[in-house]
Amino acid sequence: MTDLTEGLALVRAYHESRPSWLVGNIGYHDARFLFTRAVEARPSVAVEIGTGSGFSTGVLCSALAYAHELGLVGSDFEVVTYDVSERFYHDPSRAVGDAAREQLPEALSRHITFYSPATALHLGERFGDDEIEFLFIDANHGHPWPTLDLLAALSHLRPRAEVVLHDINLPSLGYAGAGAKVLFDCLPVEKEVSTGDEVPNTGSLRLPEDKEGLREELWRIALTHPWEAHVADSVKAVLLPQSAEGEE
Ligand SMILES: C[S@@+](CC[C@H](N)C(=O)[O-])C[C@H]1O[C@@H](n2cnc3c(N)ncnc32)[C@H](O)[C@@H]1O
């Protein structure tokens, strides 16, 4: 087990220095969990779906920089982040990811590659099969989107890859969007949840060695729970079985 004492002090300082304009970013205990999981997983590339403000992007980049200091990853570490929107949803005068650009020194932020407008369906333009070791999903929380994001990433993820999901308990916190909860609760894989909050809201999944066996499980999860969000027919055609009757 890696000694993360100094790293966790960094997370606290990073969280305390967040810009005052931030909205919708991951909280402090989620950031600690994400940082810890990323350092322990020691991927040379971490992928994020749902850049938003860029706060979590900066946490991931700080985690890989710390892992590099510890000799766990090389100097060419990278965070690759995707957002369906080019502009920050709460304040269109800002680009998605601006918090990372604002909070990180330039020497660190140049380790981040931003793709927008882009979604998990664009992963194949950058990644081949079995390449991604670490994925963080914090995008559309309406079911079935988190499950669709994982389906879109599945062939690019390595066997035993780690997938961190934000908002695994959003309904218990009084917000709409059970998509991450449904996925996290229903997927029969190794799991871990964040600590520190009364209701843990970030969880980590470890894909099995036979990750392709998960595809049908993900289809079942997508199709047997009420849909909370619109999914275009073109997305259904790529990610769901041909016979599927998508709900709306
Ligand atoms: C809650 S915010 C992410 C917050 C971010 N983790 C942070 O710490 O600031 C969700 C983001 O996901 C984006 N999004 C929504 N649906 C998406 C999709 N299908 N693919 C990629 N991004 C999506 C939204 O535009 C929004 O910026």
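Since we're looking at a predicted model, the values are computed, not measured.

Definitions and cut-offs
Residues numbered from 1 in each chain as written. Predicted model: local features only at pLDDT ≥ 70, side-chain atom pairs only at ≥ 80, totals over all residues. Heavy atoms only, no water. Near = heavy atom within 4 Å. Polar contact = N/O pair within 3.5 Å; in protein donor to acceptor, adjacent residues only side chain to side chain. Areas by Shrake-Rupley, 256 points an atom, 1.4 Å probe, with all protein chains shown as cover. Helix = DSSP H or I, 4+ residues; strand = E, 2+ residues; numbered from the N terminus. Expected span 1.5 Å × (residues − 1). Buried < 20%, exposed > 50% of the residue type's maximum accessible area, 1.4 Å probe, protein only. Core = buried A, V, L, I, M, F, W, Y, C linked by side-chain atoms within 4.5 Å. Contact = heavy atoms within 4.5 Å. Salt bridge = Lys/Arg side-chain N within 4 Å of Asp/Glu carboxyl O. Pairing = 2+ DSSP bridges. Right-handed = clockwise from strand over helix to strand, strands pointing away.

Take the site of the ligand next. The environment of the ligand is made up of 21 residues, and the closest members are Ser-53, Ser-56, Asp-83, Val-84 and Asp-138. Between the ligand and Ile-26 there is a distance of 3.2 Å, counted from an oxygen atom to a backbone nitrogen or oxygen. Computed on the free molecule, the ligand has an accessible area of 600 Å², of which 90% lies beneath the protein chains in the complex.

As a further point, take helix H3 (residues 55-69). Three or four residues apart is the spacing at which side chains of an α-helix point the same way, because the helix has 3.6 residues per turn. With 15 residues, H3 should reach 21 Å at 1.5 Å per residue; the first-to-last C-alpha distance of 21 Å fits that figure. Taken across its 15 residues, H3 has 13 buried, putting it largely inside the fold.

Next up on the list: the nonpolar core. Among the nonpolar cores identified, the biggest contains 42 residues, and Val-47, Leu-123, Leu-135, Leu-150, Leu-157, Val-163 and Leu-187 are the most heavily contacted of them. Those elements giving two or more residues to this core turn out to be strand E1 (45-49), strand E2 (78-82), strand E4 (132-137), helix H6 (145-154), strand E5 (157-166), helix H7 (179-186), helix H8 (214-223) and helix H9 (233-239). The element best represented in this core is H6, accounting for seven residues. Ignoring anything within four residues of it in the chain, the contact list for Leu-135 reads Val-47, Ile-49, Leu-150, Ala-153, Leu-157, Glu-162, Val-163 and Val-164. With 36 residues, the next largest nonpolar core counts Phe-35, Val-73, Leu-108 and Val-164 among its residues.

Evaluated as defined, the whole model comprises 14 salt bridges. Arg-126 serves as the salt-bridge partner of Glu-78, at 2.8 Å between the closest nitrogen and oxygen. One end of the pair, Glu-78, is in strand E2; the other, Arg-126, is in the loop between strand E3 (112-115) and E4, and 48 residues separate them in sequence. Given the relative accessible area of 29%, Arg-126 is considered partly exposed.

Attention shifts here to the pairing of E1. The element E1 is extensively covered by neighbouring structure, given that four of its five residues are classed as buried. Inspection of the sheet shows E1 paired to E2 by five bridges, in the parallel sense. The residue of E2 that forms the bridge with Ala-46 is Val-79. In the classification by handedness, the crossover that spans E1, the intervening H3 and the parallel E2 is right-handed. Across four bridges, E1 lies against E4 in parallel orientation. When the sheet's bridge partners are listed, Ala-46 is paired in E4 with Phe-134.

The analysis is restricted to geometry; functional conclusions fall outside its scope.
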